[in-house]
Amino acid sequence: MEAQEIKHSLELEGYKIAFVQDMESLKENGVNGLVKEYVRGYGLKKEDERDLIEYFKDWEILRQCCGKGWAFESD
């Protein structure tokens, strides 16, 4: 199920969704775009945006190098 479909389904159940991350948007907008969405969705401050960009910069390298599979733990 696509991220937006899941969001809509959860909203119908009464949940308030501040942010939805999907891989396609991440590929198109990169980490900076992801952080801007976090900041907007959660009403964060500019200093939080800088901190998140710093935090995620290494994650961007891993994502490009290893794809989304690196994030999954093996049993």
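From a predicted model like this one, the values you see are computed outputs, not experimental measurements. (Residues numbered from 1 in each chain as written. Predicted model: local features only at pLDDT ≥ 70, side-chain atom pairs only at ≥ 80, totals over all residues. Heavy atoms only, no water.)

On a plain count of helices and strands, the protein chain comes out with three helices and zero strands. Taken from the N to the C terminus, the helices and strands of the protein chain come in the order α-α-α. Here the protein chain, with 75 residues, has 21% of them falling under the buried criterion. For the protein chain, contacts bridging at least 24 residues in sequence account for 27% of all contacts bridging at least 6. Summed over its atoms, the accessible surface of the protein chain is roughly 6,200 Å², and 50% of this surface lies on carbon and sulfur atoms. (Helix = DSSP H or I, 4+ residues; strand = E, 2+ residues; numbered from the N terminus. Buried < 20%, exposed > 50% of the residue type's maximum accessible area, 1.4 Å probe, protein only. Contact = heavy atoms within 4.5 Å. Areas by Shrake-Rupley, 256 points an atom, 1.4 Å probe, with all protein chains shown as cover.)

Here the focus is the pattern of salt bridges. Here the structure, examined in full by the defined rule, presents six salt bridges. Close ionic contact of Lys 27 with Glu 24 constitutes a salt bridge, the shortest N to O distance being 3.7 Å. Taken as a pair, Lys 27 and Glu 24 lie in helix α2 (residues 23-42) at a separation of three residues, close to a single helical turn. A salt bridge links Arg 40 to Glu 37, with the nearest nitrogen and oxygen atoms 2.2 Å apart. Remark: Glu 37 and Arg 40 occur in helix α2; sequence separation between them is three residues, near one turn of the helix. Taking the relative accessible area as the measure of exposure, Arg 40 reaches 58% and is therefore exposed. Each of Lys 36, Lys 46 and Glu 49 takes part in one network of salt bridges that share partners. (Salt bridge = Lys/Arg side-chain N within 4 Å of Asp/Glu carboxyl O.)

Within the largest apolar cluster, nine residues are counted, these being Phe 19, Leu 26, Val 31, Leu 34, Val 35, Tyr 38, Val 39, Leu 52 and Phe 56. When contributions to this core are tallied by element, the ones reaching two or more residues are α2 and α3 (46-66). Residue contributions to this core peak at six residues, all from α2. (Core = buried A, V, L, I, M, F, W, Y, C linked by side-chain atoms within 4.5 Å.)

Looking at the protein chain, pLDDT values average 81 and 79% of them are 70 or higher. Mean pLDDT across the elements of the protein chain bottoms out in α3 (82) and peaks in helix α1 (residues 3-12) (89). (pLDDT = per-residue confidence, 0-100.)

The next thing to look at is α2. The terminal C-alpha atoms of α2 lie 19 Å apart, and with 20 residues this falls more than 12% below the ideal 28 Å at 1.5 Å per residue. In the structure, α2 departs most strongly from a straight axis at Gly 30, where the bend amounts to approximately 115 degrees. Just downstream of α2, Gly 43 is the residue with a positive phi angle, here 65 degrees. (Expected span 1.5 Å × (residues − 1). Bend = angle between axes of the 7 residues up to and from the residue.)

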